Amino acid sequence: MSFDSPLPPYNASDPTATFLNSSCLDLLMIELVPMAYRIVNEIDSSDPPPPSANPSSTTTSQAQSPTQSRKGDGSLKGGAGAVGVNGSRKMDEEEERDAVFYRLEMLGYRVGQGLVERFSKDRPRFTDTLDVIKFLCKDLWMLVFRKQIDNLKTNHRGVYVLTDNSFRPFSRMSTEAGGQAVVKAQPFLYFPCGIIRGALASMGINANVQAETSELPGATFQVKALVAKT
Amino acid sequence: MMVVYSFYIFDRHTECIYSRLWARQDRPISGSGASNRPISTSSTASGGNTLVPDLGPARARPARLSAQDDAKLIFGTIFSLRNMVRKLGGPDDSFISFRTGQYKLHYYETPTSIKFVMLTDTQTLNMRNVLHQIYVNLYVEFVVKNPLSPVEHPGGEGVANELFELALDQFVKGVL
């Protein structure tokens, strides 16, 4: 860890680049997921106004949101148990997970779009979809996760499978034995999915992106290009 | 030959969030001696030592305390010592270690009020650097930066995860 600024030669190739301690990015990405859960639950709890709209009911929903603060990733139990008191609609785990997915994925989408704008300006035009995917695997992944994708497979019909054997956000992820880390790791893939989709979209490729992990710290992303780039 | 007996972490809310035993301290009378099987408990487990040697009626020594009581005793001790040190030596002075006939207790407190305590044999030299390393390279990496570990650790939640325990084991064995 260093409080020193990197010396000038490091951004010689890109003078507009500035440096940020990677721990900042790591911690921010870690906090994204619980934040998405909190937002989803808060919105849900205040969504249909309670039939007796008096100050006491708003204070109970305020009091409940601190209890939904970050609890590992057992925030699923926070969501399921939320807001029974107000009589508002109780969200079940599926809906909560979908809402969180939507939020994080759209966040990532915007980030991916911006990243491509910023970092593809010095590159020649891409010839086809495969080139774009390769740019994603090498350059974009290097920018965001400081490493490249380890394995790329394609069926040459618009489906690409990207495998990262030691996905950075998973490198420090663990629970006590039997803690179902793989299940809890799932929400941390939503934001990177969005980044991929946003990056592809801003290069003219509409795609569907899904991610899964079978064993920490690996992660697999499946990209289905809907419209082939001409 | 350095022996590490145990290791504790206390958070800023004075709660024991992690405890780990590697070897029992050798009691002169005890026939069970040092058991080298690592026993890891978080403070919520009652995990007491069940092997209380058969002590004769003349024995005044109390039976081995449970892990939880151990942690509480230790915390009380270091808390008082730390405050006394600051009062006597000024706010910049810090409590580093104390030694008894059986063991030496090493202490390191971070600027965020996380307290690391390690009990070793009496011959060990200063472990303050070791505790600092544990904080920087193990605790920060595998607990603070663990996405699945909460920000606060009531009852030790999120601290005793696999990566942290493995790394701690390796580190301590490497130091010995």
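For chain B, the name recorded in an unreviewed UniProt entry is Trafficking protein particle complex subunit, with Hyaloscypha bicolor E as its organism. Database annotation for chain B, UniProt heading Sequence similarities (unreviewed entry): "Belongs to the TRAPP small subunits family. BET5 subfamily." Per UniProt, chain B has the following entry under Subunit (unreviewed entry): "Part of the multisubunit transport protein particle (TRAPP) complex."

The name given to chain A in an unreviewed UniProt entry is Trafficking protein particle complex subunit 6A, and the organism recorded there is Hyaloscypha bicolor E. As its UniProt record puts it under Sequence similarities (unreviewed entry), chain A is described as follows: "Belongs to the TRAPP small subunits family. BET3 subfamily."

Asks: In this structure, what is going on with the side chain of H106(B)? I would like to understand it.
Replies: All names here are of chain B. Here H106 shows up in strand 5 (residues 104–109). For H106, a relative accessible area of 1% corresponds to the buried category. Only 3.0 Å separates the side chain of H106 from the side chain of T120, close enough to count as a polar contact. A polar side-chain atom of H106 sits 3.4 Å from the main-chain amide nitrogen of M127.

Asks: Got a minute to help me understand the interface of chain B and chain A in this structure?
Replies: The accessible area lost on association of the parts is a frequent measure of interface size. The partner chain A presents 19 residues to the 15 residues of chain B that form the contact. Contact with chain A buries surface across chain B, with K145(B), P147(B) and L148(B) losing the most and accounting together for 46% of the total. One can count 1 salt bridge joining chain B with chain A. Our count for the chain B to chain A interface comes out at 6 residue pairs in polar contact (both at pLDDT 80 or more). Residue assignment for the side of chain B that touches chain A shows that the elements contributing at least two residues are helix 2 (128–144) and helix 3 (162–175) of chain B. Of all the elements, helix 2 of chain B adds the most residues to the side of chain B that touches chain A, at 3 residues. For the side of chain B that touches chain A, the residue count by class is 8 nonpolar, 3 polar and 4 charged.

Asks: Just checking my understanding: could you explain the layout of surface pockets for this structure?
Replies: Once rolled over the atoms, a probe with the size of a water molecule shows which space is left empty. Residues and elements named next belong to chain A. What the largest pocket holds in volume is close to 1100 Å³. Every residue lining the largest pocket is counted, 30 residues in all, and those nearest its centre are T18, F119, M142, L143 and V144. Of all the secondary structure elements, the ones that give two or more residues to the lining of the largest pocket are helix 1 (22–46), helix 4 (93–119), helix 5 (129–145) and helix 7 (190–202). Partitioned by chemical class, the residues of the lining of the largest pocket number 17 nonpolar, 6 polar and 7 charged.

Asks: Hey, could you run me through the pairing of strand 5 of chain B in this one?
Replies: Side-chain positions along a regular strand alternate between the two faces of the sheet. All names here are of chain B. Burial analysis of strand 5 places 6 of its 6 residues in the buried class, the great majority of the element. Of the two faces of strand 5, the one lined by K104, H106 and Y108 and the one lined by L105, Y107 and E109 are each fully buried. In the sheet, strand 4 (residues 97–99) pairs with strand 5 via 3 bridges, with the strands oriented antiparallel. Paired with S97 across the bridge in strand 5 is H106. Hairpin connection from strand 4 to strand 5: 4 residues lie between these consecutive antiparallel strands. In this sheet, strand 6 (residues 115–120) lies alongside strand 5 in antiparallel orientation, the contact comprising 6 bridges.

Asks: In this structure, what is going on with unusual backbone geometry? I would like to understand it.
Replies: Of all residues except glycine, most have a negative phi; of all peptide bonds, most are trans. Here the bond from L216(A) into P217(A) is cis, since omega is -5°, no more than 30 degrees from zero. Within the element layout of this structure, P217(A) appears in the loop between strand 3 (207–212) and strand 4 (219–225). The backbone phi angle of H156(A) is positive, close to 60°, even though this residue is not glycine. Residue position: H156(A) is located in the loop between strand 1 (151–154) and strand 2 (159–164). Non-glycine residue T14(B) carries a positive phi angle of around 65°. With respect to the helices and strands, the residue T14(B) is situated in the loop between strand 1 (4–10) and strand 2 (16–21). Here T14(B) falls in the partly exposed class, since its relative accessible area comes to 44%.

Rules behind the numbers
Per chain, residues are indexed from 1 in the order of the written sequence. The naming scheme follows written order: chains are lettered A onward, ligands numbered 1 onward. Residue-level local features of this predicted model are given only where pLDDT is at least 70; pairs of side-chain atoms are given and counted only at 80 or more, and the full residue set underlies all totals for whole chains, interfaces and linings. As a rule here, side-chain values cover all heavy atoms of the structure and leave hydrogens and water aside. UniProt positions are given in the numbering used here, feature names are shortened, and annotations may be inferred rather than shown by experiment. Helix numbering and strand numbering both begin at the N terminus, where a helix is a DSSP run of H or I of at least 4 residues and a strand a DSSP run of E of at least 2. Any residue under 20% of the maximum accessible area for its type is buried, any over 50% is exposed, and the rest in between are partly exposed; the area is computed with a 1.4 Å probe on protein chains only. Throughout this description, a polar contact denotes any pair of N or O atoms lying within 3.5 Å of each other; where both atoms belong to protein, one of them has to be capable of donating a hydrogen while the other can accept it, and for residues adjacent in sequence the pair is counted only when both atoms sit in side chains. We call two residues contacting when some pair of their heavy atoms lies within 4.5 Å. When two parts are put together, the accessible area they lose, computed with a 1.4 Å probe and summed over both, is reported as buried area. Each salt bridge in this description consists of a side-chain nitrogen of Lys or Arg and a carboxyl oxygen of Asp or Glu lying within 4 Å of one another. We call Asp, Glu, Lys and Arg charged. Ala, Val, Leu, Ile, Met, Phe, Trp, Tyr, Cys and Pro are nonpolar, and the rest, Gly among them, are polar. Grid points spaced at 1 Å and placed over the protein atoms alone form the basis of the search, with a cavity being a set where a 1.4 Å probe fits but cannot get out and a pocket an open set showing protein on both sides within 12 Å along at least five of seven lines. Lining residues have an atom within 4 Å of a point. Grid points are joined across faces, edges and corners, and a volume is the space filled by probe spheres set on the points. DSSP-based pairing: two strands are paired if at least 2 bridges between them are found.

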